[in-house]
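Residues per chain, in single letters:
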Amino acid sequence: MPKKRYLFTPGPTPVPPEVLEVLARPAIHHRGPDFKQAYERVLARLKEVFRTEHDVLLFTSSGTGAFESAVANLTEPGERALVVSHGNFGERWAEMVGRYGAELDHLRYAWGESPDPADVRERAAGAAVVYLVHSETSTGVVSDLQPLAAAAKEQGALVVVDAVSSLAAVRCETDAWGLDVVVSGSQKALMTPPGLGLVSVSPAALAKAARGGAARFYFDWERTRAAQEKVDAAFTPAVPLVLGLDVALGLILDEGLEAAFERHLRLGRATRAGIKAMGLELASPDEDRSAVVTTVWAPDGLDVAAFLLDLRDRLGVQLIGGQGEWRSKVFRIGHIGYFEIFDITTALGAVETGMVEAGVEIERGVAVTAALEAYEGARTRT
Ligand code: PLP
């Protein structure tokens with residue numbers, strides 16, 4: 001019997017069989033009618049998932065490439081840009097914006113904190129662009145995006161949002177909340193393998209890009225926008241991934257975005273309930289918005305790397321450790337995309353087994369029940 005593998009990380013995430021099936025089909029050409037039909041459908045479906053009437057540009061890159069497209073198209077050397085960070089990804093964006101020659105203002109919170117709209121309002125004054133992270137995957141914090149974006153807009157700035165790990169898992173209302181640019185990637189809640197970077201662009205963002213920005217070629221928004229308008233990719237796209245994304249977006253829209261948000265909220269509740277029942281301590285907030293990844297403090301004396309290796313090698317269960325300053329201090333359980341409650345109970349069972357193997361004293365036999373009850377909600381038993 002080959003070992004069964006379970007992928008419980010916040011990206012890449014498990015890919016549904018319906019998507020895998022199209023990835024295995026014989027190659028087709030990207031200028032042919034069969035690809036174009038799928039491409040057109042993907043571009044339309046992306047607008048629905050991003051909740052925007054405007055263009056969503058599709059690049060063959062990871063999420064970082066899509067984010068870099070925003071920085072390249074919107075940065076004027078010497079112009080002020082505010083980057084709000086509260087973990088690894090925000091800090092990465094601050095470095096990127098600085099390298100592109102903006103006058104960087106870095107509003108840096110401690111890892112694990114949630115940004116405050118009042119701080120953003122104050123610091124955004126005079127900034128041309130404000131960069132926000134919706135779901136900070138390194139900590140598990142999902143920020144309260146709407147008031148943060150509103151605070152930046154009040155000061156007249158364009159708002160760029162990293163929604164790489166939140167899009168289609170946690171509500172992100174691109175147009176209704178006035179988000180000029182929203183960035184995502186295929187390998188998270190969009191249930192597709194890594195390799196596609198996505199970026200929605202408002203007319204104001206496109207207009208600023210048209211007036212200038214930094215040197216760019218592959219990531220020039222106008223080049224890709226004009227090509228997409230003719231349903232003709234600017235460059236050779238990752239054809240199988242686009243076909244896979246088409247199917248994945250169809251699955252998401254069939255479930256319905258509202259239902260997907262609700263499912264993720266309940267998966268988050270279930271994971272936290274199970275972790276707490278075992279007697280472990282949450283590093284991510286114990287709140288409904290934290291529906292992307294649950295981050296757990298490593299108990300005293302636990303060697304996180306050895307624990308994760310044991311889970312992977314002995315049980316076939318892949319969780320992930322911390323990043324940056326939280327490396328060795330935490331482990332993370334992802335629950336975005338193709339996840340249901342029995343993925344969570346499996347992950348919790350693996351954590352329990354691994355903790356026992358590592359000699360950590362935990363409460364045994366309670367996590368799965370706690371998770372199932374939290375998932376179902378407060379039910380009255382008769
Ligand atoms: N931003 C966030 C919040 C992420 O979780 C990730 C990926 O883990 C990225 C950006 C970077 O995306 P990629 O690894 O696809 O370049």
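Placed above this text is the structure.
Everything numeric in this text was worked out from a predicted model, so none of it was measured.

Asker: Sorry, what's going on with the environment of Ala227 here?
Answerer: Here Ala227 lies in helix α8 (residues 221-229). Taking relative accessible area as the criterion, Ala227 reaches 9% and is therefore assigned buried. A C-alpha to C-alpha distance of 49 Å links Ala227 and Arg314, two positions 87 residues apart in sequence. Setting aside its immediate chain neighbours within four residues, Ala227 contacts Asp232, Ala233 and Ala234.

Asker: Would you mind going over the site of the ligand with me for this structure?
Answerer: In the vicinity of the ligand lie 13 residues, with Ser62, Thr64, Thr137, Asp162 and Lys188 positioned nearest. Gly63 is positioned with one of its backbone polar atoms (N or O) 2.8 Å from an oxygen atom of the ligand. The contact in question runs from an oxygen atom of the ligand to an N or O atom on the side chain of Gln187, over 2.7 Å. Protein coverage of the free-state accessible area of the ligand, which is 390 Å², stands at 87%. Only α3 (63-74) and α4 (88-99) provide two or more residues apiece to the shell around the ligand. Within the shell around the ligand, the residues separate by chemical class into three nonpolar, seven polar and three charged.

Asker: Looking at this structure, how should I read the pattern of salt bridges?
Answerer: Between side chains of opposite charge, a pair can form as their charged atoms come close. Applying the stated criterion across every chain yields a total of 28 salt bridges. Across the salt bridge formed by Arg171 and Glu258, the nearest N and O atoms sit 2.5 Å from each other. On the criterion of sequence distance, the pair formed by Arg171 in the loop between β8 (158-162) and β9 (181-185) and Glu258 in helix α10 (residues 257-277) is long-range, its members being 87 residues apart. On the basis of relative accessible area, Glu258 is assigned to the partly exposed category, the value being 40%.

Asker: What is the right way to read the packing of aromatic side chains from this model?
Answerer: How two aromatic rings sit relative to each other is set out by the distance from centre to centre and by the angle between their planes. Within the structure shown, the criterion is met by 13 aromatic pairs. Consider the rings of Phe59 and Phe219, whose centres lie 5.2 Å apart with planes at 70 degrees: the pair is edge-to-face. With Phe59 in strand β2 (residues 55-60) and Phe219 in the loop between α7 (203-211) and α8, this pair connects stretches of sequence that are 160 residues apart. Phe219 carries the same exposure label as Phe59, and that label is buried. Seen in terms of ring centroids, Phe307 and Phe331 are 5.1 Å apart; in terms of plane orientation they differ by 55 degrees. Their pairing is tilted. Here Phe331 lies in strand β14 (residues 330-334) and Phe307 lies in helix α11 (residues 304-315), a separation of 24 residues in the sequence.

Asker: How should empty space enclosed by the protein be read in this particular structure?
Answerer: Where empty space is left in the structure can be found by rolling a water-sized probe over the atoms. This model, assessed by the stated rule, comprises two cavities of 30 Å³ or more. Space inside the largest cavity adds up to approximately 110 Å³. Taken together, 14 residues form the lining of the largest cavity, with Tyr39, Leu58, Ala233, Ala234 and Phe235 sitting closest to its centre. Here the lining of the largest cavity is composed, by residue class, of nine nonpolar, four polar and one charged. Leu74, Thr75, Glu76, Glu79, Arg80, Ala81, Ala102, Val129 and Tyr131 are the residues that line the second largest cavity. Of all elements in the fold, only β3 (80-85) and β5 (129-133) reach the threshold of two or more residues within the lining of the second largest cavity. Class assignment of the residues belonging to the lining of the second largest cavity gives a composition of five nonpolar, one polar and three charged.

Asker: Just to check I follow, could you spell out the side chain of Ser85 for this structure?
Answerer: In this structure, Ser85 sits in strand β3. Here the side chain of Ser85 touches His106 through a polar contact of 2.7 Å, side chain to side chain. Discounting residues that sit within four places of it in the chain, Ser85 has contacts with Gly90, Glu91, His106, Leu107, Arg108 and Tyr109.

Asker: Please explain the nonpolar core as it appears in this structure.
Answerer: Inside soluble globular proteins, nonpolar side chains tend to come together where they are buried. Among the nonpolar cores identified, the biggest contains 62 residues, and Leu46, Leu58, Val130, Leu179, Leu190 and Leu245 are the most heavily contacted of them. Beyond its immediate sequence surroundings of up to four residues, Leu190 is in contact with Val49, Leu167, Ala168, Gly185, Leu198, Leu245, Ala248, Leu249 and Ile252.

Asker: Can you walk me through the layout of surface pockets in this structure?
Answerer: What the largest pocket holds in volume is close to 240 Å³. Around the largest pocket sit 15 residues that line it, and Val170, Arg171, Phe261, Leu265 and Arg289 are the ones nearest its centre. Along the lines of polarity and charge, the residues of the lining of the largest pocket split into seven nonpolar, two polar and six charged. The volume enclosed by the second largest pocket comes to roughly 200 Å³. Taken together, Arg5, Tyr6, Leu7, Phe8, Pro14, Tyr338, Phe339, Glu340, Phe342, Asp343 and Thr346 form the lining of the second largest pocket.

The rules we used
Residues numbered from 1 in each chain as written. Predicted model: local features only at pLDDT ≥ 70, side-chain atom pairs only at ≥ 80, totals over all residues. Heavy atoms only, no water. Helix = DSSP H or I, 4+ residues; strand = E, 2+ residues; numbered from the N terminus. Buried < 20%, exposed > 50% of the residue type's maximum accessible area, 1.4 Å probe, protein only. Contact = heavy atoms within 4.5 Å. Near = heavy atom within 4 Å. Polar contact = N/O pair within 3.5 Å; in protein donor to acceptor, adjacent residues only side chain to side chain. Areas by Shrake-Rupley, 256 points an atom, 1.4 Å probe, with all protein chains shown as cover. Nonpolar A, V, L, I, M, F, W, Y, C, P; charged D, E, K, R; others polar. Salt bridge = Lys/Arg side-chain N within 4 Å of Asp/Glu carboxyl O. Phe/Tyr/Trp six-rings, centres within 6.5 Å; stacked < 30°, edge-to-face > 60°. 1 Å grid on protein atoms, 1.4 Å probe; cavity = no way out; pocket = protein on both sides within 12 Å on 5 of 7 lines; lining within 4 Å. Points joined across faces, edges and corners; volume = space filled by probe spheres on them. Core = buried A, V, L, I, M, F, W, Y, C linked by side-chain atoms within 4.5 Å.

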